[in-house]
Each structure stands twice: as C-alpha cells, then as structure tokens.
Amino acid sequence: MTSLLPHYYELLKTCVLTTAGFTTITPCDCKLISSYIFKHTKQSISETTLKRVYGFAYSKFKPSLFTIDVMAKYCGYISWDDFCRKQEKTLLKPSNTNNSWDNLKTNADKITHFTLQVLRNKSGIPYNLTIKRRFIDDYFEEFLTGDYAAIVLAAPAGHGKTVSLCHWIEERMLLNSKGQTNDIILFFSTSALMNAFLNGRDLNNWLLTLLGYPADRNIADLFDDKQEKNGNFFLVIDDLDEHIYKPEQLKLLLNQLIDILSLYQSSSWFKLVLTMRSATWINNKHQIDNGTNKWFKGFIDDINRATNVPLFSTQEVKELCHKINPEVTNDMALEMAKDFNHPLYFQFYYKEHRDNFSLANVDHVCIYELISAFILNNVYLSNYSAEKILLLIGLVDEMDFANQRYDIVKTNVNTLIKQYSHAYNGLLNIGLIREINTSSDLQYQTYIQFSNNDFLEYAISKTMLYHNNSVFDGKLIEALNTQFASSVHKLSILKWCLLYAARTDQQHGFDILSKTQLSLTEKSNLIIFLGDLLDKHWASANRSESVAQYFKKDCSPQLFNYFFGLEFINPRYQKTLLSLLKFGLSNRKRILVYTTLACSAVMRLDFNDLELYLSKLKQIPAQEYNRFAINPEKCLSTLYAYLKFGEFKKDAFIDITRFYFNPPKEGNFFENNAANDIIYLLGAFTSLLTKDATKTLRYIKTLETHYKQSNLLNIDSYSYFLNIVVGNCYYSLGNIPKIQALYGAFNAVYKQDNTSFTDYMKNMFFALRIKNNLLVKNYTHLIEDTRSHAQIAGEHKLSKIFVLATIIHNKYIEDIYPQFYKQCVYEHHKLRRETGVSMIMTVKNVPILQST
C-alpha cells in the first residue's frame, strides 16, 4: 500500500467533497456524506469518523486503510493505491516548469482554504458574524517592515487568536487575487501535524510532500528568483500548544520548527507565523527564541505575561453586537462593556442568547452566570468531573491567602497531580489552569496558575464553601474578612458565594452582609450586584416556594439598612432600590425606598422620575410620616418646587426649625442606622435653600448633640456628606479659616485612600475644592478641577449647575480666564435647557439663575 502521503490525503478529502456536491463542509454535513458513501459503495464510514477526517473531532491516530480505501472508491477509484498512482500522473512536476512560485501558491491555497473552512466552522460565534480586529494589522505591518523572520500571537485561551488570524489571512489572500500581493500562504492547525509525528516524518520533508514536491528538495530551490522578490512565503501554524502533545513530541516539533526557521531566516521572503497560549511561550521561549532578534513579539505590558492579543475595546464590543443583531439600537451600559471585553465570555453569552441577541439589558450577575455555565459544561459534566473538583480544592488549599500568593508551586502538589493526572490534563486543555516555568540556572521553579482572576475567584469561593459544609453564614463571612482583608479578590469571591446562596435557597443568610468588611466603593459595587441578583431571583420562572415566601415577607432591618447611603447614588443604584420593592415592605420602608429614589432623581434633575416618586410618597397615609423626625416628603416637595418652578415652599423649613429648637425626646428617631442617615442628610441639604447658613449650622449642631458626632477620619458617608453641607455654609459666610481647615481635612482623607471614595463622594469633594480655592483666590488649578468635577459628576447634573454658577458669579474669573469663563456660561445655559430647571439660586445672596 502507498504510505499515507499528506498531500494525497488532502486531495482525497477534497475529492470526496466534490463528489458529494459540497464546496465547503460543516459538522452536520458529515452525516449526509456518510449516507452518500454507503449508498454508493455499500460500505460504511461513520459520521464520527468523517468528523475526525475533516478536523471537527480530535483524533490521535491516522485514518485506517479501510476508511481511505472506501473514500477512494466513493470518488470512482479502485482503491487508495489506485488514487495515489493516478495523482502521480496528473500532478504538475516542478522540474517541468519555470513557474515554481505559482505552483506552490496553487497547492498551498488548497490547503489554506481547507484549514480556513475547518476553523471557521469551529468558531464559537458564527464566523460571518465575527469582526476583523485592527491590532493584528498593526502587528503584521510592523513585522513585515522590520527585519523579522517570525511572529508569535500569544494569549491565554479564549482571547480570539485564531479568529483574528483567519481574518488577516483571508484579507491577504484577497489582495493576492486582486494582484496587489504575490504571497504564498500555507496555513494549517496543529492537529494536522499529528499525522507527521505518527508517521515519524521530518517536518520540512512533510511540508514539501504536502505541497506535492519531492522530499529531497527544499523550498528555496523551488522558487523562481523573479517571482520571490514580489511576495512572501508565510508558513502559518495555529494553536501550537504544549497541552496537545506529549513532552517528547513537543520538543521534537519545536526543534524541527527552529531548524526550518534557521534554514530560511536569511531569506527575506520566508515568514513563520505561530499562535499559542501564553504559557506555551513562557515555558518554551528559551528554545523558540534563540536570541537572533528574528522574532516579532509585541507583548503588551508585562513581558512575563506573554500576551499580545488584546481584549475587545468598548468600540469593538459595540461593533460585534451590531454585526450579530443590526436591529438592536439600544447601547449597553458602558460600565458593562468591560465585562464582555473578553472574547470567551462574549462567546458564552452569544450561545445563551443567540435567538434574541442584545447586551442592552445585561446586568452585573450575567458574567458570573456565564462563567458558571462554562464550569458546568467543561468541569461538572465532563469526564473525571469528581477528580477535577477534588483537584481544584487541593490546588486552592495550597495557596497562601495571608500573603496574597495564588500561584501554586508544582513540586508541592506533584503527588496530587499524579493522583488526578487525567483531571489535571483536562483542566489544562480547557484553559482553566496553566503551568508557568520560571526556572533559572540555580533553581527549578514551575508554578500552576488559574488562567484568569475569574476562574481563580470561582475556585476559591467553591473551596471556602466546601470547607464550610456549603453553608452561607457568619462563619464564612468571618473567614472571608480574615483571609482576604486587603485582597482585590475579596469582593468577587463574596459575589460567588452570594450567587451560590441564592441558587441553594440560602437567601435568608443575606442578613449577615453587614458583617462584611468592605470599602465604600466595594460596598457600592456589591449593592448593585445584590440588587440584580434579587431581581433575577424573584423573576425566575422556576423559583421555589421558599423563594416566593422570602419575597412575600418584609425585608429584614439588617438587609434593608445595608442598601442605603447617599454615597451609592448613581444611575445603576435606582434599579437596586427598585428590587427592594419586590418584598412585602412596611410603609416606613417604602417611604425610605421612594425617598432615596427621589433623591437620586433630584441629583440627576430628572423631573419625570421625581414626580413619579413624589406621587408614590403622597399615596402613603400621612400618619406614617409621624415616625420620622424630618418629613422626607415635605423636603422633596420643597426641592421639586424650587428646582422646577422657582417656588419657595415653607413646610419643610417649619419642620426643620421645630427639630433644632425642640428635638424629639421619645421614640427611635435617633437610632443609628443608614435609613436615619438619609433622612437627616436630606434635611441638611434642603435647609441650604434658606440661604441662611447659621440656621443650617444650628440644625447640624442639633444632630451632633442628639444623633451622632461626625468624624471625617472614619470616611463614613454620614460624616462625609454632613461636612460637605458644613463646607457650603462656610463658603456662604465667607469664613476662609474654617473652610480651609475643613477642606484640609477632606484633602488628607482623599489623598490617604481615594479608591474607597465612590463617584458621588468624589463629585462632592471636587465641588468643595473649587469653592475653597475660589474663596481664597487660588485659581491655579481651577480649569483642571472643573473638568475633573464635570467628568466625575456624570449624570449628577444638579452638582454641575451649582458649580458652574459659582464660577460664573466670581468676577475675577472672566478677567483671568476669559475663554474658560465663556465655556462655563455656555455649559451652564446648556444644562438649564436640557434639564428644564427653573430656579432662583443665589451665591452670597446674588441671584444667578432667574426664573423662566
């Protein structure tokens, strides 16, 4: 029998497709071709075998003689030997032509087209819906204009290396067809190399045979000098990863690739292109990169991460969404784009929502559900699932949480790996974990890492739950606080635990969240996540009876108070507060929810929302407001009338005056909780409308006497915002020493740790800085600070209007920065028109905005 020559084998596969009437093939076509073969030959080749033949299923072994004989008979030949003999007679021999470059191009194109077809069919998102990415053009432009012979595209699994490369090759071949380039592109995936290894072939000879040339030649001998100067020969190998091979096979392959590169690297027309995982490059770069500077790497950021395939940009995410579903016009929230910048996660989401694809309604739970689905399909429902779970727990147990060391020294877990070797190889194959060899001349050091933080945090959370008998309780929270006190992974681990608790009907344990030690920004993030989680939990079509009963009851005081704080107010916070209304809340709690929603509307100057929530508050019986020392509905109605119509209603100020002259002596009016914080801060901000700073300071003094002292050093929201009101009072009074001292205290806290400040807190801080600097006539950083404030304020338009009005009123600014002053006037009037605000606002008792 003629040996299984790769080129003849590829020709036979193409011949089968032609005979069956296919120009391209998809996995589902294999079943139909199998039936055609049986009908014509009365011999059977299974659908699974054909999938292995055409690269849709992995095969360790070359096809059997029976398989290729039947394929040849289907194509009208007597046998495989007969097919090979006839191909030898018809193949164009290089010795009989002076146009070797074109012959090579023709043969290479056949192989490349087939490889492209296979890889297109394997794309997680239909290939025709994927997008071309600019980064790869930039890389290849630099690669081809520089003195390089090889380029590597390296990134962890799922970064989109293969799809990006396919787009580039297709575009390059299109330029060939238009006569703009004259390149030869020989492209195949690593699975094609397995046949060469199984046959013990030399890679260089195998490539020549694949192209239809004698093995005793080399590619350089076949090129026509005139032709080669107008084009490049690209040898492109996709998915060259160590987890596919046995160690000895990988070493042999790398040696042969280096030999080929060494043979042709002096020829400017030869270009080697490889894609691989970052770990493969890191572990084998000492063998691949021989120090000749012939490799173009272009690694992003840390060279030790060996990643040069970037994640999606926000614009690319939008472009991909539009291509998948052009009818969807609603843009997703910008803050959600970063969750879908990973091509792998985008692929997960597409598979779940392909029939009605849109990112417009994604929430903060979505990305966790996508990763859960990936773990379910690739770990829990895969072979050796129990072993994989035990192995993951064992790996996590080897981590040093106290010192934030999450890489595992392989020698420490070698026994564990041997015990679960199949599971370990399986986790490597799916890209959940990776090996990184950082050995030096004095020390062997190989680490095991989780491929990204999402997989790491998932594994840690499952291990913590495993050791806590899968119970979400105070013991788990205590362990989280102790082991991850200052870790960036703490919040995500907690979210995984919350998701697990919700899915296992342990939602009653959410009450203990108040014991979690989080910064304000972390807590703000968690509250948004928790709101989305409760919303999905309530809306679930298959929710259990315990879940239904959970929402029928009033929300516990611990969980309810956990949701409140002015520092959390942003566009996403509204949805979270609305999720609380799904509980059977008492009237007092409903008042607090609508009050906070209305506060958010005031800050955004969204009068439609404000009117809606005021109407909700007015529908609650008046006697219910007797339980509040300051009536929130009166405060909000006063703010609404002032902002919308320029009217000055006195009802709220009567209550505020009565409060600081005669504070309540009975009841729970001064119980220290987040809900009371909201009410008293609302009163403080409302009192600023009186333009009488001494009255506002008197109100604040009463709060410090009867409620609680404010302390900026604690960075708690109540102290923070109450002192913001104090700062406004000092500005109105022109009290330079006091506003300087107060701003100095704010500035010290901000410099100490501004990452713990939420956006709304930063917004108020920059507003206070501007007022302080205007009062002391320090205009050096005014323009910069104003821009920073506008950027951070975002949708908080009320703050923007007040800051701009403050600047406009200062008579010195127009003289010092005339262009800046004109811009402030323009922005100020623009905001007024957009929001419809109509008010009389005074700065130092001088009207700035007139009622319209």
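Coordinates for the structure precede this section.
These figures come from a predicted structure and were not determined experimentally.

Could you give an account of the packing of helix 18 (residues 366-380) against helix 24 (residues 490-503), naming the residues involved and the relevant values?
Two quantities define a packed helix pair, namely the angle between the helix axes and the distance between the axes. One way to put it is that helix 18 packs onto helix 24 with a least axis distance of 11 Å and a crossing angle of 75°. By the angle between their axes, helix 18 is roughly perpendicular relative to helix 24. In this structure, helix 18 uses Tyr368, Glu369, Ile371 and Ser372 to contact helix 24, whose residues at the interface are Ser492, Lys495, Trp496, Leu499 and Arg503. Here the contact of helix 18 with helix 24 is built from residues that sort into four nonpolar, two polar and three charged.

Got a sec to walk through the pairing of strand 2 (residues 184-189)? Specific residues and values, please.
Of all the six residues making up strand 2, six are buried; the element is thus mostly covered by neighbouring parts of the structure. Burial of the side chains of strand 2 extends over both faces: Ile184, Leu186 and Phe188 are buried on one face and Ile185, Phe187 and Ser189 on the other. Here strand 2 pairs with strand 3 (residues 233-238) via six bridges, running parallel. Within strand 3, the residue paired with Phe187 across the bridge is Val236.

Got a sec to walk through unusual backbone geometry? Specific residues and values, please.
At Asn469, a position not held by glycine, the phi torsion is positive, near 60°. Here Asn469 lies in the loop between helix 22 (453-467) and helix 23 (474-483).

Please give an account of the environment of Asn772 that cites residues and values.
With respect to the helices and strands, the residue Asn772 is situated in helix 37 (residues 759-775). You can call Asn772 buried: its relative accessible area is 5%. Taking C-alpha positions, Asn772 is 10.0 Å from Asn735, a pair spaced 37 residues apart along the chain. Beyond its immediate stretch of four places on either side in the chain, Asn772 contacts Ile739, Gln740 and Tyr743.

Requested: an account of the pairing of strand 3, with residues and values cited.
Working note: regular strand, side chains alternate between the two faces of the sheet. Across the six residues of strand 3, six count as buried, placing the element largely inside the fold. Across the two faces of strand 3 the burial is the same, with Phe233, Leu235 and Ile237 and Phe234, Val236 and Asp238 all buried. Of the strand pairs in this sheet, strand 3 and strand 4 (residues 270-276) are connected by five bridges, and their pairing is parallel. Each bridged residue has a counterpart across the sheet, and for Phe234 the counterpart in strand 4 is Lys271. Read as a crossover between parallel neighbours, the route from strand 3 over helix 13 (residues 247-264) to strand 4 is right-handed.

Describe in detail the pattern of salt bridges, supporting the description with residues and values.
Taken as a whole, this structure holds 23 salt bridges when the rule is applied. With its nearest N and O atoms 3.3 Å apart, the salt bridge here joins Arg133 to Glu316. Of this pair, Arg133 sits in the loop between helix 6 (100-122) and helix 7 (134-145) while Glu316 sits in helix 15 (residues 314-324), placing them 183 residues apart in sequence. With a relative accessible area of 3%, Arg133 lands in the buried category. For Glu316, a relative accessible area of 13% puts it in the buried group.

Give me the lowdown on the state of the cysteines, citing residues and values where you can.
Taken as a whole, this structure holds zero disulfides when the rule is applied. Cysteine Cys75 shares no disulfide, and the gap to the nearest cysteine sulfur, in Cys15, comes to 3.3 Å. For Cys75, a relative accessible area of 14% gives the class buried.

An account of the sheet that holds strand 6 (residues 408-409) is requested, with residue identities and associated values reported.
What the three strands build is an open sheet, ordered 6-8-7; its pairing is antiparallel. Taken across any chain shown, the strands that pair with only one partner, and hence form the sheet edges, are strand 6 and strand 7 (433-437). In the sheet, strand 6 pairs with strand 8 (residues 446-450) via two bridges, with the strands oriented antiparallel. Residue Val409 lies in a different strand from strand 8, and its bridge partner there is Tyr447. This element, helix 21 (residues 421-429), spans strand 7 and strand 8 of the sheet and lies at about 90° to strand 7.

Can you lay out the packing of helix 37 against helix 39 (residues 797-809) for me, pointing to particular residues and giving the numbers?
Relative to each other, helix 37 and helix 39 sit at 10°, their axes nearing to 11 Å. Overall, the two elements helix 37 and helix 39 adopt an arrangement that is roughly parallel. Across the interface between the two elements, Asn763, Met764, Ala767, Ile770, Lys771 and Leu774 from helix 37 touch Ser799, Val803, Thr806 and Ile807 from helix 39. Of the residues belonging to the contact of helix 37 with helix 39, the class tally is six nonpolar, three polar and one charged.

Hey, could you go over the sheet that holds strand 1 (residues 150-154) for me, with residue numbers and the actual values?
Spatial strand order, 2-3-4-1-5: five strands in an open sheet with parallel pairing. Looking at the sheet topology across the chains shown, the edges are occupied by strand 2 and strand 5 (295-296). Packed on one face of the sheet, helix 6 meets strand 2 and strand 3 and runs near 35° to strand 2. Across the sheet, helix 7 touches strand 1, strand 3, strand 4 and strand 5, and the angle it forms with strand 1 is around 160°.

Rules used in this analysis
- Residues numbered from 1 in each chain as written.
- Predicted model: local features only at pLDDT ≥ 70, side-chain atom pairs only at ≥ 80, totals over all residues.
- Heavy atoms only, no water.
- Axes fitted to C-alpha atoms, helices over the stretch in contact; angles between N-to-C directions.
- Helix = DSSP H or I, 4+ residues; strand = E, 2+ residues; numbered from the N terminus.
- Parallel < 35°, antiparallel > 145°, perpendicular 65-115°, else oblique.
- Contact = heavy atoms within 4.5 Å.
- Nonpolar A, V, L, I, M, F, W, Y, C, P; charged D, E, K, R; others polar.
- Buried < 20%, exposed > 50% of the residue type's maximum accessible area, 1.4 Å probe, protein only.
- Pairing = 2+ DSSP bridges.
- Right-handed = clockwise from strand over helix to strand, strands pointing away.
- Salt bridge = Lys/Arg side-chain N within 4 Å of Asp/Glu carboxyl O.
- Disulfide = S-S within 2.5 Å.

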